[in-house]
Amino acid sequence: MPIPMKTVATATLLGVLVLGAVGAGRHHLARAEAREASAAAWLELAQIHAARAQAASAALASVGAADGLDPAIAARARDALTRASKMPAHEQLLGDVRAIERYKQYQGELTGALFVLVAGAQQVPALAASNTVQGLRSELLRDESALAAARERYRRAAASYNAMSDAFPGATMLAALAYPDLPAGL
């Protein structure tokens, strides 16, 4: 007895739907892993920046109104630290490209101001020997390497996530759920 065409068509459609659901589920898991990896790298960057801010705060407290240090250097570093500290680095920030750009700008300004502060402090004998200034100097140099590595991990994870978001079925799911791409670089 031959199988009715309606049954074959129904079975075929059901098979396609099951395979599509399995593929979409795997795709969703891979995207979630890429999102988690980018969030972990982002949080690592935030932790490095937070540690840098603590070292900067300690150095600025010890610099105070030291004789021989241009007060504008310390003021610039304090202002940059205040701006950078007002913008906390939480995972939700990754969905806001403008906020990420501000975060990067503020952290860049702080980094520049701290390098100038350390260079200026090296010219003042009383500050050149200061443990907090030397600690900040060491931290700045060490952090640059750690930040570069964390940025690269983030860049790779975000690129993977964004590539999956642009391919089927990711693009379809994202359009339905309104998930934004991740910023490409930090």
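Our structure's up above, just so we're on the same page.
Cut-offs applied
Residues numbered from 1 in each chain as written. Predicted model: local features only at pLDDT ≥ 70, side-chain atom pairs only at ≥ 80, totals over all residues. Heavy atoms only, no water. Helix = DSSP H or I, 4+ residues; strand = E, 2+ residues; numbered from the N terminus. Buried < 20%, exposed > 50% of the residue type's maximum accessible area, 1.4 Å probe, protein only. Core = buried A, V, L, I, M, F, W, Y, C linked by side-chain atoms within 4.5 Å. Salt bridge = Lys/Arg side-chain N within 4 Å of Asp/Glu carboxyl O.

So, on to the environment of Ala50. Here Ala50 lies in helix α1 (residues 5-63). On the basis of relative accessible area, Ala50 is assigned to the partly exposed category, the value being 41%. The spatial distance from the C-alpha of Ala50 to the C-alpha of Ser85 is 8.1 Å, given a sequence separation of 35 residues.

Formed by 24 residues in total, the largest nonpolar core has its most connected members in Val63, Leu69, Leu114, Leu117 and Leu136. Every element with two or more residues in this core is listed here: α1, α2 (71-86), α3 (97-122) and α5 (131-166). Counting 19 residues, the second-largest nonpolar core is a separate cluster that includes Ala41, Ala46, Ile100 and Tyr154.

Before going further, it helps to spend a moment on the pattern of salt bridges. Going through the model one piece at a time under the given rule, you end up with eight salt bridges. Where Arg52 meets Glu144, a salt bridge forms, and the shortest distance between an N and an O atom there is 2.7 Å. Note that Arg52 is positioned in helix α1 and Glu144 in helix α5, a separation of 92 residues in sequence. Residue Arg52 is classed as buried on the basis of its relative accessible area, which comes to 1%. The partner of Glu101 in a salt bridge is Lys104, with the nearest N and O atoms 3.3 Å apart. Highlighted residues: Glu101 and Lys104, both in helix α3, separated by three residues, approximately one helical turn. Here the salt bridges do not stand alone but share partners, grouping Arg52, Asp143 and Glu144 into one network.

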